[in-house]
Amino acid sequence: MDRKQVNTVTPIDVEAVRRDFPVLERKIHGVPLVYLDNAATSQKPAAVIEAMNRFYRQENSNVHRGIHALSEESTADYEAARKKLAKFIHAKSRREIVFTRNATESINLVAYSWGLDNLHPGDEVLITEMEHHANIVPWQQICRRTGATLRYVPITPQGYLDLSTLDNLLTEKTKLFAFTAMSNVFGTIPPVKMLVEKAHAVGALTLVDGAQAVSHMPVDVRALDCDFLAFSAHKMCGPTGIGALYGKAALLNKMSPFLTGGDMILSVWMDHATWNEIPHKFEAGTPAIAEAIGFGAAVDYLNSIGGMEAIHHYEQEMITAAMTALQDIEGLRMIGPPPADRGGLVSFVMDGLHPHDIAAVLDQDGIAVRAGYHCAQPLHDRLNIHATTRASFYFYNLPSEIDLLVQSLQRAQKLFGR
Amino acid sequence: MDRKQVNTVTPIDVEAVRRDFPVLERKIHGVPLVYLDNAATSQKPAAVIEAMNRFYRQENSNVHRGIHALSEESTADYEAARKKLAKFIHAKSRREIVFTRNATESINLVAYSWGLDNLHPGDEVLITEMEHHANIVPWQQICRRTGATLRYVPITPQGYLDLSTLDNLLTEKTKLFAFTAMSNVFGTIPPVKMLVEKAHAVGALTLVDGAQAVSHMPVDVRALDCDFLAFSAHKMCGPTGIGALYGKAALLNKMSPFLTGGDMILSVWMDHATWNEIPHKFEAGTPAIAEAIGFGAAVDYLNSIGGMEAIHHYEQEMITAAMTALQDIEGLRMIGPPPADRGGLVSFVMDGLHPHDIAAVLDQDGIAVRAGYHCAQPLHDRLNIHATTRASFYFYNLPSEIDLLVQSLQRAQKLFGR
Amino acid sequence: MDDFFRANIIDYYEHPRHYGHLENPDIVYHDVNPTCGDEITIELKIEDGIVKDSAFTGHGCSISQASTSMMMEDIQGKSLDELRTWGKKEILDLLGIEIGPVRIKCALLPLKALKAGVWGLESSVDDEDDDL
Amino acid sequence: MDDFFRANIIDYYEHPRHYGHLENPDIVYHDVNPTCGDEITIELKIEDGIVKDSAFTGHGCSISQASTSMMMEDIQGKSLDELRTWGKKEILDLLGIEIGPVRIKCALLPLKALKAGVWGLESSVDDEDDDL
Ligand SMILES: Cc1ncc(COP(=O)(O)O)c(C=O)c1O
Ligand SMILES: Cc1ncc(COP(=O)(O)O)c(C=O)c1O
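Residues numbered from 1 in each chain as written. Chains lettered and ligands numbered in written order. Predicted model: local features only at pLDDT ≥ 70, side-chain atom pairs only at ≥ 80, totals over all residues. Heavy atoms only, no water.

With respect to the sheet that holds strand β16 (residues 370-372) of chain B
Residue and element names in this part refer to chain B.
- Strand order in the open sheet formed by four strands is β13-β14-β17-β16, and the pairing between neighbours is antiparallel. The open sheet has two edge strands, β13 (332-335) and β16, and neither has a second partner. In this sheet, adjacent strand axes meet at a mean angle of 30 degrees when their direction is disregarded. (Pairing = 2+ DSSP bridges. Helix = DSSP H or I, 4+ residues; strand = E, 2+ residues; numbered from the N terminus. Axes fitted to C-alpha atoms, helices over the stretch in contact; angles between N-to-C directions.)

Following this line, the structure appears as structure tokens:
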């Protein structure tokens, strides 16, 4: 993604921002919580929690159908949230935002709805070796069902995409190129706009997995010109239970529905049905109404504290500091590119210490990190690593929390006699 | 469903229960809210709202993977909710409960996962003319994709299933019989257990649409012996954004996954993947964690106020009183069976008054009802009705609200000069 | 919503103007509001890009029927070029009331039918809401 | 979790008992904990329904490896009939600590391997949690 110069952004007032997050007052085993598992899910500010409370306490009702005050209020708020999201990622129209359960379902929607109708034997779907399982398994499945072939852009040992392979891999056979805009293991931020251009040059569509990127940096679907973008609310201060799929209107209009039932139909006869207009065509049954409202409130919140440019800027500072500090720990090896080419997360291995045990020791010190494959097993296989420990930052993390992380890692080494 | 004698249940303390629902303090156009749109979605007690608040404020984290305190707490609470639901519908095991977005997705899951693999040209799927679109359109779609044939059990003008047709319709060709346990238009409660038996006798599986029934009466999947049961949290005091699919473990084990991605896999290689055990095999990506916890709290709440037997008993009283009162309004015609054979909802038409206009007048008096097809267009077509107005009750509705309904309907008649 | 039934909507609903059929209409277009079953068929007589006559048949709620009747009345003598620019605002001005997000579809049904019938525009007429 | 590393788990992890291979084992079973990559292979020598010898190889976290080592040690001389009744409780007794819902899978890995390897039981060993 093209990162602009960020010298002019107003810095985030981290101390003030921390007070917006009730959970940050939590004590874990008697010590204050240090939450460094943000790539798995972010914490929620009171404003988001309260937006959903207000909905349930004051206007809860089903949407789109009711001719009564509560239903009109719910419908207006639900659709207003859609508009906020459209604006947040610079979509042309709110109709290009489909609410789903999470980024995973967004990708599955495209795989089933677009894939089942448009993939044929001989066709290829191109993904990369640094994808999350959410952007691998749906394509394996849909290729199996349609006879299409799944191919991978390889990664370099430094955690970059091996772009030299692109000209061979992107061909007329390629019908879709699906790739992440930020690796959840390396942190790598690939050149999204260039990848989209290259895909379009051979006539392939593009799906960008924005689960990490949309939460941590500015994403402009019109500037990137991507065809689909998948992301989740829960990683960007929003509630669980809701995600979004951005799709260009022209594509969404042409696609078959995915889930079917109430609300997504125009008319139903005994032997057939016709479809509602987009985005409703893709939203079957009672939607996640409170969650959409919470999602909208999360976008408002991110804008209110300074916006994505400022958040990305702060995270760049944090990851630079964190990687500098971790470098000094003997026997610790970080994977992925230098700070300038990544988002605010770092995965590492430590000699003689299993990631599970590292995470367990850290937990005793109140520090939450993640250990394992991070849903990216092919990437780990490629690097010949069993599992890694990952610390991932958000705008409410403090530089002092990096110090605590380092101390606790050193304690783990002592405990296991390394 | 077999309704037991309910003489011995402790009656619900409606006045006390109403205080549990913050929204019931709402004023609409200056008058107190009379919420009679419960079949669309129910209101939420403070206990459910607070359970989700507590999660977000104190332990929010992703589940199943994290080795830190918050993740262990979240995982434990998420799985505890599953157990509550399993118990609520008398499943054998918590593994038989799959969390989905709503009843609609639950049905789609079976249609895609079981249907794509098991339906072939010549096979038949049997549904009924009183189904909600959620239990019609997915079967139309999957029959279209597989070449199977969709057939309907007809309804009688009184709003019953025409059971005399069953012996002709249920044959060896029938692979699945999917039907509602309570019509959301007629209120009709069909003989579920008998229908399941008849289907099993020809070797067909059964899917029960429990979206209305599970919210309003006791449902025991083991007593009914149904193979699948679909329902939604939001209709039973729970949050939006979550529903459940019950499936017999032996069936779920055999079925292909539906949505794919993180958490539902066992291992992922570049060219294939293996699946996690049930129910996780069917839950891809970050689940609706807060919502599951809210769903569990809803079940606790329903049990705490007296249980489903008591709720059903109270609603029987209410619907009897309501239908008696509505009968006296000239030019008003109710559809569906007498109170003894239905749940707590009634749909009606009024001479010269369009349902939309009825609903709009009622709204001016603070009364929320629903007007339209109620997502059951084939039923309306069959009866040759354009649309109906529906009043649907829950355990927090008062007998006095029936009087307000009647008065407001009479006002509508005057306003439109009828 | 409050002045909903104080406006002359009920009057147009009970006594629809331009209800019925035209002889040899140039354009006949049938449209429905699937959420509730409102149905209308509009018939137009066009000469030199001007609406010479208009009529409708249908059934549905007071909003959809009054809105259609008022529109059929108002567009007489207007040019298609002008009508092409019509949006939500023009219809709400005719009706003279505020309308919530659900029933707006009833109110806009005749506009939707006009745009689809005359220009084949299938896109949603409330897209002007879409200023981001 | 607090006494996690006070127990002798680290000792078993660093100095695993019964690590290695048997000659002509009757049963060899490989199992993984896919969430984190814990892997073990257990090898058993069975005579008259009694575990005569046992060993394992593998890699993973301290919990999975210590749990496997302790179990290989403990089951020596026990009858398969007895082992068939083993559940979560027996393993936790061996480990001597409480374990949360996520890492319980690490602890139960050897039990899962035993049940799958000896009786072909693929069902989850923490199903006893399932008392509704
Ligand atoms: C009988 C019936 N089935 C299915 C549904 C669909 O439920 P949901 O919208 O929660 O998916 C409903 C609710 O509208 C219903 O009443
Ligand atoms: C890069 C990436 N893609 C997809 C996902 C899946 O997101 P979700 O679990 O919200 O569907 C994640 C989050 O784990 C991710 O990091």
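Next comes the rest of the account.
Description of helix α4 (residues 103-118) of chain A
- End to end, α4 of chain A covers 21 Å across 16 residues, agreeing with the expected 22 Å (1.5 Å per residue, within 8%).
- Most of α4 of chain A is tucked away, with 14 of its 16 residues classed as buried. (Expected span 1.5 Å × (residues − 1). Buried < 20%, exposed > 50% of the residue type's maximum accessible area, 1.4 Å probe, protein only.)

Some thoughts on the relation of the copies chain B and chain A
- Take chain B, turn it by 180 degrees, move it 0.0 Å along the axis, and it overlays chain A with an RMSD of 0.0 Å. Classification of the inter-copy transformation places it as that of a two-fold axis. Taking C-alpha positions as the reference, the residue of chain B nearest the rotation axis is Gly241 of chain B, at 2.9 Å.
- In this assembly the copies share their binding face: 100% of the residues contributing to the interface of chain B also contribute to that of chain A. (Least-squares fit on C-alpha atoms with pLDDT ≥ 70 in both. Contact = heavy atoms within 4.5 Å.)

Notes on the sheet that holds strand β6 (residues 149-153) of chain B
Residue and element names in this part refer to chain B.
- With mixed pairing, the seven strands of this open sheet are ordered in space as β4-β10-β9-β8-β7-β5-β6. A single partner strand is all that each edge strand has here, and the edge strands are β4 (97-100) and β6. On average, adjacent strands in this sheet sit at an angle of 20 degrees to one another, irrespective of strand direction.
- Where β4 meets strand β10 (residues 243-247), four bridges bridge the pair, whose relative direction is antiparallel. Each bridged residue has a counterpart across the sheet, and for Phe99 the counterpart in β10 is Ala244.
- Here helix α4 (residues 103-118) sits on the sheet in contact with β4, β7 (174-180), β8 (205-209), β9 (228-232) and β10, set at roughly 150 degrees to β9.
- The strands that helix α7 (residues 192-201) touches are β7 and β8; relative to β7, the one it contacts most, it runs at about 170 degrees.

Examining the site of ligand 1
- Near ligand 1 you find 15 residues, and of these Thr104, Asp209, Ser232, His234 and Lys235 of chain B are the closest.
- Residues close to ligand 1 are split across chains A and B.
- For ligand 1, a nitrogen atom lies 2.5 Å from a polar atom in the side chain of Asp209 of chain B.
- One of the side-chain nitrogen or oxygen atoms of Lys235 of chain B is found 2.7 Å away from an oxygen atom of ligand 1.
- Burial of ligand 1 by the protein chains amounts to 95% of its free accessible area of 390 Å².
- Each residue belonging to the shell around ligand 1 can be placed in one class, and the counts come to three nonpolar, 10 polar and two charged. (Near = heavy atom within 4 Å. Polar contact = N/O pair within 3.5 Å; in protein donor to acceptor, adjacent residues only side chain to side chain. Areas by Shrake-Rupley, 256 points an atom, 1.4 Å probe, with all protein chains shown as cover. Nonpolar A, V, L, I, M, F, W, Y, C, P; charged D, E, K, R; others polar.)

Considering the domain arrangement of chain A
Residue and element names in this part refer to chain A.
- For chain A, the assigned domains are domain 1 (14-41 + 306-415) and domain 2 (48-303).
- Placing the centre of domain 1 and that of domain 2 at their C-alpha centroids yields a distance of 28 Å.
- Across the domain 1/domain 2 interface, buried area totals approximately 2800 Å², and carbon plus sulfur atoms make up 59% of it.
- A per-residue breakdown of the area domain 1 buries against domain 2 is headed by Met308, Cys375 and Leu379, which together make up 21% of the total.
- The salt bridge partner of Arg382 is Glu129, with a shortest N-O separation of 2.7 Å.
- Broken down by secondary-structure element, the contributors of at least two residues to the side of domain 1 that touches domain 2 are α12 (307-327), β14 (345-350) and α14 (377-383). (Domains from an automatic or database assignment. Buried area = accessible area lost by both parts, 1.4 Å probe. Salt bridge = Lys/Arg side-chain N within 4 Å of Asp/Glu carboxyl O.)

Looking at the pairing of strand β3 (residues 50-59) of chain C
Residues and elements named next belong to chain C.
- Note: strand β2 (residues 38-47) against β3, nine bridges, orientation antiparallel. Considered in β3, the bridge of Ile42 is made with Phe56.
- The loop that links β2 with its antiparallel partner β3 comprises two residues; one of these, Asp48, has a positive phi angle of about 50 degrees.

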